[in-house]
Amino acid sequence: MANPQRRVPPPNQHYYAVPQSPQGPSRYQSQPMPAPQASTSQGPRSDTTYGVATGAIGGGYGPYSYNPNITNPSNGRYTSSRFSAAPSETSVGTVGEKTVNTATQMITTASVQPYPYMWDTKDPDLDDPLHNPDPIRDAALDRTCTPFSARGWINISALVIIVLALLTLFAGYPIITYYVDTVPATPGFNLGGINSTGQVPGLPGMPKLLDKDTESQYHKYTATDGTVYNLVFSDEFNTDGRTFWPGDDPYWEAVDLHYWATADLEWYSPKAITTADGKLVITISEVENNGLNFMSGMLQSWNKLCFTTGYIEMSVSMPGSNTAPGFWPAAWTMGNLGRAGYGATTEGMWPYTYDSCDVGTLPNQTFTNSTPAQSVGLSFQPGQKTSACTCPGGDHPGPSVSTGRGVPEIDIFETQVETGDNFQGEVSQSMQVAPYNLNYKFDTSSDVSPITNADITKFNTYSGGIYQQAVSAVTYINNSNYAGAGYAKYGYEWYADPKDRSQSYVQWFSEGQPTWKATSGSIGPDSATKIGQRLISEEPMSIILNLGIAPSFQEQDWKHMTFPSSMYIDYVRVYQRSDVSDGLTCDPPNRPTADYINRHLNAFTNPNLTTWEQAGYSFPGNSLAGQC
């Protein structure tokens, strides 16, 4: 089929890809173009295809446009270079433009008519200058560089301002604040508590160290030496229906176990603890539970809330009555390196409060040759596990292996009933220590262990046994403060200074009055057993509240005891001196516990493990025993 003739629109209806010059008299005459010869090497092809291939169509666009200088009109072939000057450089549109090369001829065929502006001799593309390199102009620009131009100075100044602003924000501001702002006397207390400015956030649902229900008149405490203490923790228990299962409370947790260490008759369950009528209520009931006939509760702040030195106070109504002995209500504190009820954690740790490297750290408190003789049979302790004699690199909580660590105990009260001629309620207020004095006798002289009122307070006739030494005194209490009918305040004031241990002491209080005081002199070195100074605790202490039954503590009067019976606690408050640092944490830097606990989680999370070895661990070597 023959190629059809290309339809050429009338001259006044031309359409172009770029803006064209206004229509009018042409400024140049289109040059006639010879018809190209048909190819002899290929078959017939369309005029359009042939025109594109030869450059007749489309060859005049772009920076390297085809300039068909016909040197051999007879055959229509282009002999000049394809990279000749672009026609767009020779456009004639305004004064000063290059003139038209009249030698440039237009190509035409019988089917392809000449376009008047095919080689862009009148109207260049608007962006042609961007695509038409000029070697002379470009070289001049390349050699021109003015870094100190006005624009350059503006750019550099902006960068300098930004850098100075960042330095001021992240370095200068903290330094300026440090020197300009006054450091407050009261430190911040982190999560949910007061900050360093004394502000108390009102974030609903967030735990607070200071209970909002604690009245401001109770935010200060004046110690026996006149020092003013600040309230750092309080719980008024005014929200009824609280529960204390694991994860329920930020500061308290009820255990679920049998307290076998003292042969208790009850199972401790979180079910037995709640809050009601603005009180914490721990109830013991005659309910069979895990093979035991009674169920009660033990609430702990272990590894959640600890304090190192301070004054702790609580208001309590004892369970039962003074005419029905047998209940064992208690409020006490214990070093955070041990967890009450988890026997593996307390083996070789409770109730050690010792920082000397001597025979007091050894098993049974004797050398292998059974010396000193006075100590034979005195102790059945396996030795102080994390003593000051620990071998370098041994398993020790720190801060160094030469620091003696342990789990001392300080009791706020343990309540019993004197069953002589008068059934009189009384509280035992004690400190458990190891290693032991000869015959478990601490120094009771009045200059180091003063009793405030000898009419109601006397030293405890029980002073210890093979597993503990009790530094203890007993004080009568009001018989009306039982079963929710009456309440009384109990507590102790504790101060310890590792830099001057001679000033350390514990002062107990019963019903709001001081009872007796234990000092460093009460538990000094013992020449008979060859041991050194026992310490007034320097460990972070957690709080324990429980109600139990154990014949090992006091025989039960089953005839008069009634079930259920409850111990009621109105509040718990902790105060500290303003100069105490890291005093309200379970992991203070000078007596760390967190890393050690995390490395021995099996022992600290399984109450069925009774020994350290059973938990999968071993005691570190003791240098005094030649185990390094």
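Residues numbered from 1 in each chain as written. Predicted model: local features only at pLDDT ≥ 70, side-chain atom pairs only at ≥ 80, totals over all residues. Heavy atoms only, no water.

1. As for the state of the cysteines
- Per the stated rule, a full pass over the model turns up three disulfides.
- Note on cysteine connectivity: Cys306 is disulfide-linked to Cys586, with sulfurs 2.0 Å apart. Measuring the twist about the S-S bond at about 90 degrees, one finds the Cys306-Cys586 disulfide to be right-handed. Separated by 280 residues along the polypeptide, Cys306 in strand S10 (residues 306-307) and Cys586 in the loop between strand S22 (565-577) and helix H6 (594-599) bring together distant segments of the chain.
- Two residues, Cys391 and Cys628, share a disulfide whose sulfurs are 1.9 Å apart. (Disulfide = S-S within 2.5 Å. Helix = DSSP H or I, 4+ residues; strand = E, 2+ residues; numbered from the N terminus.)

2. Quick look at a nonpolar patch on the surface
- On the surface, a nonpolar cluster with roughly 440 Å² of combined accessible area is contributed by Ile156, Val160, Val163, Leu164 and Leu167.
- Structurally, Val163 can be placed in helix H4 (residues 150-180).
- You can call Val163 partly exposed: its relative accessible area is 47%. (Patch = residues over 30% accessible without salt bridge, like charges linked within 9 Å, V, L, I, M, F, W, Y side chains within 5 Å. Areas by Shrake-Rupley, 256 points an atom, 1.4 Å probe, with all protein chains shown as cover. Salt bridge = Lys/Arg side-chain N within 4 Å of Asp/Glu carboxyl O. Buried < 20%, exposed > 50% of the residue type's maximum accessible area, 1.4 Å probe, protein only.)

3. Quick notes on the packing of aromatic side chains
- Scanning the entire structure with this criterion turns up 26 aromatic pairs.
- Measuring from ring centre to ring centre gives 4.4 Å for Trp328 and Phe553, while their planes differ by 0 degrees; the resulting arrangement is stacked. Taken together, the positions of Trp328 in strand S12 (residues 328-335) and Phe553 in the loop between strand S21 (541-548) and S22 put the pair 225 residues apart, joining distant regions of the chain.
- We note Arg577 situated over the ring of Tyr495; from NZ or CZ to the ring centre the distance is 3.9 Å. (Phe/Tyr/Trp six-rings, centres within 6.5 Å; stacked < 30°, edge-to-face > 60°. Lys NZ or Arg CZ within 6 Å of the ring centre and 35° of its normal.)

4. Comments concerning the nonpolar core
- Ranked by size, the top nonpolar core spans 56 residues in total, and within it Trp252, Met314, Phe413, Met431 and Leu545 carry the most contacts.
- Among residues more than four places away in sequence, those in contact with Phe413 are Met314, Val316, Met318, Pro329, Ala330, Ala331, Val427, Ser428, Tyr490 and Met567.
- With 24 residues, the next largest nonpolar core counts Leu257, Ala330, Ala344 and Trp612 among its residues. (Core = buried A, V, L, I, M, F, W, Y, C linked by side-chain atoms within 4.5 Å. Contact = heavy atoms within 4.5 Å.)

5. Considering the pattern of salt bridges
- For the structure on display, the rule yields 16 salt bridges.
- A salt bridge links Arg405 to Glu539; its shortest N-O distance comes to 2.7 Å. Here Arg405, found in the loop between helix H5 (343-346) and strand S13 (409-419), pairs with Glu539, found in the loop between strand S20 (513-519) and S21; they are 134 residues apart in sequence, far enough to count as distant. Each member of the pair Arg405 and Glu539 is classed as buried.
- A cluster of three or more residues bridged by salt bridges with shared partners is formed by Asp355, Arg501, Glu538 and Arg591.

6. Topic: the confidence of the model for the protein
- Confidence along the protein averages 83 in pLDDT terms, with 73% of residues attaining 70 or more.
- Ignoring residues within four places in sequence, the model shows residues 2-45, a span with pLDDT below 50, making 58 contacts including any to other chains.
- Confidence drops under a pLDDT of 50 for residues 63-67, and excluding neighbours within four residues, the segment shows 21 contacts in the predicted structure. (pLDDT = per-residue confidence, 0-100.)

7. Some details on the sheet that holds strand S4 (residues 257-258)
- If you trace the three strands from one edge of the open sheet to the other, you get S4-S5-S8, paired in mixed fashion. The strands lining the two open edges of the sheet, one partner per strand, are S4 and strand S8 (294-296).
- Pairing of strand S5 (residues 266-268) with S8, which is carried by three bridges, proceeds in the parallel orientation. Residue pairing in the sheet places Trp267 in a bridge with Met295 of S8. (Pairing = 2+ DSSP bridges.)

8. Description of the pairing of strand S19 (residues 505-510)
- Burial analysis of S19 places six of its six residues in the buried class, which makes it a mostly covered element.
- Covered by surrounding structure in S19 are Tyr505, Gln507 and Phe509 together with Val506, Trp508 and Ser510, the residues of both alternating faces.
- As paired strands, strand S18 (residues 488-495) and S19 are joined by six bridges and run antiparallel to one another. Pairing of Glu493 across the sheet is with Gln507, part of S19.

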